[in-house]
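Residues per chain are reported as follows:
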Amino acid sequence: MRFAIAVIRKAALSLFLVVISITLIYILARAVPGDPVTVLYGEMTVDENTRQMFLQRLGLDKPIYVQLPIFVLRIFSGDWGKSIYIDRNVIDIIRESYINSLKLVIPSTAFVLLAALAIGYMDFAISNNTGLYVTMVSLFSAIPSIVWGAVFLVFLSIAELPIVHGHLLPPLVTLSLAGLGIVYKIFRETLLDVLQQPFIQTYIALGYSKFQIYLKVVRFSLPPLISALLYRSGLILAGSIAIESMFDYPGMGFQFKIAFESRDYPVLIGWGVAVTITFIVVYTLIDLLHMFLDPRVRRY
Amino acid sequence: MLFVFIVSSFVLVPNNVVNEIDLEKRLLPPNPHNVLGTDNLGRDLGLMIVAGTRNTLIIVFVSLALSIIIGLFLGVLAAISTLFSVIIDKIMILVNTIPIIFIIAIIAVKIGPGVLNIILALFLYFLPLFYRIIKTMALSLMAQPYIEAVKALGASYSYILVHYILKEVAPYILSLFVFNIPTSIALEMAVNFIGVGLDSSTPSLGTIIGWGVRYFTMAPHILIISTAVSIVLILALSVLVEKTSKVIRNL
């Protein structure tokens, strides 16, 4: 019951944060000097009627204090405007690429979680060769995901495999590899910390097997691992823009790149709103999970 | 540690002889004239990569230094006054939630690409982080008994700040700077790869990798060489980080 109240409070708070962020996005988009219509047409002169029509469609024809409440209300009612180039609603475009990104996030997160657990077991229970693991971890986590993508691309061509554009597999492999390094680094630090705890000594003295002790350790180090994974999936949802556009995968990142390159102003703003909401939801989820998993954090 | 600094200053030496466009020699593989081959505009890839690495490092250093200075200022201010701390905390939460790449994209759409965009992106990324760390450090220092003693002796806030807080915080700031170089290089590469930051006349590691991917089927050497250079650079910098963290731990 008290947990439910805490959940409701968190949800209300993040809703408030969403409203403020949307407001800020709108003010930002308006306050930056420059004129999207001029950028769109370049050197060509635009006649007054077309310009007025565009300004009205983009919602730029009235002063900011009139437009702002309209904009925020429209976001919540699902009317995110129309793309300049394609005759489609922004919310449909965003929804489609969001689902594509989710297809990328879920397997990648599952893989990274399982692989981190497995490597952790090999690292601490089976092998004594810690130097190898330390080197591998720092190697994997230091190299940015964009370089991983390039390496993977070169590898594909050396192995003479076809580079399929728009397929799920190449970005999935790249993101999982790059994510594994970072997540395992965090997990490993927690494991090292947990193994120092006195209760591990007690379990050893009680004669628990290595696997049972490892399970206890994992349960204890679950909160940081889960929050690292959740944070990372938020990042992927926000568009691993570079990786997705490297392999032409039609997710959020690719959508951002297309919208940016074609100067599609409404889609760009819709993207920003969607990503901001995702981030706020992910942060709230992390907080709630911490409350759920770690009784010490529960301050109702 | 010194080695990397020498390398980076060596990289700073050659100036812009890079933009010699020669359309006759487009996308050549490595040959005696151009040791590493040429790019899509016939520029020498070796020179391009040297200049690109230099540009990357300059961008990274400038933006890290900027965010550390502003973060230090705001953090110490927040440690002194509760009112400031409440206001700045709220602003930092908002900066955290709005995606930085979106802010940069809006600026690029409305004004145009440029170096300042990337520096702003990195600055906004690191500012909340540095602010929080420095604020926590300054707060714990302010609670020390000897600060109380100095205050009782009649020292002004500015005196305490310069002579005690800054002195204590300085080594940690250096380590913050070094720790975040690899991350910021990764960020710089991502931003430039997408094309939100620099235009094609200024090379950097990210833009070169971007061209490499675009011309990969015709000229694979661009991507292979630039990727290899980035890996070597980042590994060297991680070694630097490890060494620095050892030095700090022994302090």
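Keep in mind it's a predicted model, so treat the numbers as computed, not measured.

**Describing the overall build of chain A**
A tally of regular secondary structure across chain A gives 14 helices and zero strands. Taken over 300 residues, chain A has a buried fraction of 44%. Long-range contacts, defined as pairs at least 24 residues apart, comprise 77% of the intrachain contacts of chain A with a sequence gap of at least 6. Counting only carbon and sulfur atoms, one obtains 67% of the accessible surface of chain A, whose full area is about 15500 Å².

**A closer look at the pattern of salt bridges**
Overall, the coordinates contain three salt bridges over all chains when judged by the stated rule. One salt bridge in this structure joins A:Lys10 and A:Asp287, with 3.0 Å as the shortest N-O distance. With A:Lys10 in helix α1 (residues 2-31) and A:Asp287 in helix α14 (residues 265-293), the pair connects residues that are 277 residues apart, well separated along the chain. By relative accessible area, which is 28% here, A:Lys10 ends up partly exposed. B:Lys135 is the salt-bridge partner of B:Asp89, the closest N and O atoms lying 3.1 Å from each other. You can see B:Asp89 sitting in helix α3 (residues 82-97) and its partner B:Lys135 sitting in helix α5 (residues 115-142), a full 46 residues away along the chain.

**A few points about the packing of helix α9 (residues 198-205) of chain A against helix α10 (residues 210-220) of chain A**
All names here are of chain A. Where α9 contacts α10, the two axes come as close as 10 Å, and the packing angle between them is 160°. Judged by the angle between their axes, α9 and α10 are roughly antiparallel. The crossing of α9 and α10 is right-handed. In contact with Phe 199, Ile 200, Tyr 203 and Ile 204 of α9, α10 contributes Ile 213, Lys 216, Val 217 and Phe 220. In terms of residue class, the contact of α9 with α10 is built from seven nonpolar, no polar and one charged.

**A closer look at the nonpolar core**
Grouped together as the largest cluster of nonpolar side chains are 115 residues, with contacts concentrated most on A:Phe256, A:Ile269, A:Trp271 and B:Ile185. The dominant element in this core, judged by the number of residues it contributes, is α5(B), at 15 residues. Excluding residues that lie within four positions of it along the chain, A:Ile269 makes contacts with A:Ile25, A:Ala29, A:Phe71, B:Phe102 and B:Ile106. Formed by 19 residues, the second largest nonpolar core is a distinct cluster that contains A:Leu180, A:Val183, A:Ile200 and A:Val218.

**Comments concerning the domain arrangement of chain A**
Residues and elements named next belong to chain A. Here chain A is described as being made up of domain 1 (1-77) and domain 2 (90-293). The partner domain 2 presents 15 residues to the 18 residues of domain 1 that form the contact. Sorting the residues of domain 1 by area buried against domain 2 places Phe 3, Lys 10 and Ile 25 first, and these three jointly supply 32% of that buried surface. Summed over the shared surface of domain 1 and domain 2, the number is one salt bridge. Counting across the domain 1 and domain 2 interface gives one residue pair in polar contact (both at pLDDT 80 or more). Elements with a contribution of two residues or more to the side of domain 1 that touches domain 2: α1, α2 (36-41) and α4 (64-77). Examining the composition of the side of domain 1 that touches domain 2, we find that 11 residues originate from one element, α1, more than from any other.

**A short note on the interface of chain B and chain A**
With 34 residues of chain B in contact, the opposing surface of chain A contributes 45 residues. Each partner contributes to the roughly 3400 Å² buried at the junction of chain B and chain A, and carbon and sulfur atoms together form 86% of this total. The three residues of chain B that bury the most area against chain A are B:Phe102, B:Val109 and B:Lys110, which together make up 21% of that side's buried surface. Between the two partners, chain B and chain A, sit zero salt bridges. The interface formed by chain B and chain A contains zero residue pairs in polar contact (both at pLDDT 80 or more). For the side of chain B that touches chain A, the secondary-structure elements that each account for two or more residues are α3, α4 (100-110), α8 (181-194), α9 (205-214) and α10 (220-250) of chain B. Looking at the side of chain B that touches chain A element by element, the count peaks at nine residues for α4(B). Counted by class, the side of chain B that touches chain A contains 27 nonpolar, six polar and one charged residues.

**Details of the environment of B:Leu237**
Residue and element names in this part refer to chain B. Relative to the helices and strands, Leu 237 resides in helix α10. What makes Leu 237 buried here is its relative accessible area of 5%. Considering only alpha carbons, one finds Leu 237 and Ile 181, 56 residues apart in sequence, at a separation of 7.5 Å.

**Considerations on the UniProt feature "transmembrane region" (unreviewed entry) in chain A**
Residue and element names in this part refer to chain A. Those residues carrying the UniProt feature "transmembrane region" (unreviewed entry) are residues 12-32, 64-81, 102-121, 133-156, 168-187, 199-217, 229-247 and 267-293 in this numbering. The span residues 133-156 carries 92% helix and 0% strand; its end-to-end C-alpha distance comes to 26 Å. For the annotated span residues 267-293, helix accounts for 100% and strand for 0% of the residues, and the straight-line distance between the end C-alpha atoms is 38 Å.

**Side note on the confidence of the model for chain B**
When pLDDT is averaged across chain B, the result is 76; 80% of the residues are at 70 or more. This complex was scored by the predictor with a pTM of 0.77 and an ipTM of 0.72.

**Here we look at the packing of helix α8 (residues 169-195) of chain A against α10(A)**
Residue and element names in this part refer to chain A. Remark: α8 packs on α10, axes separated minimally by 10 Å, with the N-to-C direction vectors making an angle of 115°. Taken as axis vectors, α8 and α10 run roughly perpendicular relative to one another. Note that α8 runs across α10; the crossing there is right-handed. Across from Phe 187, Leu 191, Val 194 and Leu 195 in α8, the residues of α10 making contact are Tyr 214, Val 217, Val 218 and Phe 220. For the contact of α8 with α10, the class distribution of residues is eight nonpolar, no polar and no charged.

**Focus on the packing of aromatic side chains**
Residues and elements named next belong to chain A. Scanning all chains against the criterion turns up 16 aromatic pairs over all chains. Ring plane angle 85° and centroid distance 5.5 Å describe the contact between Tyr 121 and Phe 211, whose orientation is recorded as edge-to-face. Here the residue Tyr 121 occupies a position in helix α5 (residues 90-126), and Phe 211 occupies one in helix α10, the gap between them amounting to 90 residues. On the accessibility criterion, Tyr 121 (23% relative accessible area) is partly exposed.

**Remarks on unusual backbone geometry**
Even without a glycine there, the phi angle at A:Asp248 is positive, about 55°. You can call A:Asp248 partly exposed: its relative accessible area is 30%.

**Thoughts on a nonpolar patch on the surface**
All names here are of chain A. Together, Ile 27, Ile 64, Tyr 65, Val 66 and Ile 70 make up an exposed nonpolar region whose accessible area comes to about 430 Å². If one sorts the elements of the nonpolar patch by residue count, α4 sits on top with four residues. Residue position: Ile 64 is located in helix α4. A relative accessible area of 33% places Ile 64 in the partly exposed class.

Reading the values: rules and limits
- Residues numbered from 1 in each chain as written.
- Chains lettered and ligands numbered in written order.
- Predicted model: local features only at pLDDT ≥ 70, side-chain atom pairs only at ≥ 80, totals over all residues.
- Heavy atoms only, no water.
- Helix = DSSP H or I, 4+ residues; strand = E, 2+ residues; numbered from the N terminus.
- Buried < 20%, exposed > 50% of the residue type's maximum accessible area, 1.4 Å probe, protein only.
- Contact = heavy atoms within 4.5 Å.
- Areas by Shrake-Rupley, 256 points an atom, 1.4 Å probe, with all protein chains shown as cover.
- Salt bridge = Lys/Arg side-chain N within 4 Å of Asp/Glu carboxyl O.
- Axes fitted to C-alpha atoms, helices over the stretch in contact; angles between N-to-C directions.
- Parallel < 35°, antiparallel > 145°, perpendicular 65-115°, else oblique.
- Left-handed = near helix turned anticlockwise from the far one by under 90°.
- Nonpolar A, V, L, I, M, F, W, Y, C, P; charged D, E, K, R; others polar.
- Core = buried A, V, L, I, M, F, W, Y, C linked by side-chain atoms within 4.5 Å.
- Domains from an automatic or database assignment.
- Buried area = accessible area lost by both parts, 1.4 Å probe.
- Polar contact = N/O pair within 3.5 Å; in protein donor to acceptor, adjacent residues only side chain to side chain.
- UniProt positions renumbered as here; feature names shortened; annotations may be inferred.
- pLDDT = per-residue confidence, 0-100.
- Phe/Tyr/Trp six-rings, centres within 6.5 Å; stacked < 30°, edge-to-face > 60°.
- Patch = residues over 30% accessible without salt bridge, like charges linked within 9 Å, V, L, I, M, F, W, Y side chains within 5 Å.

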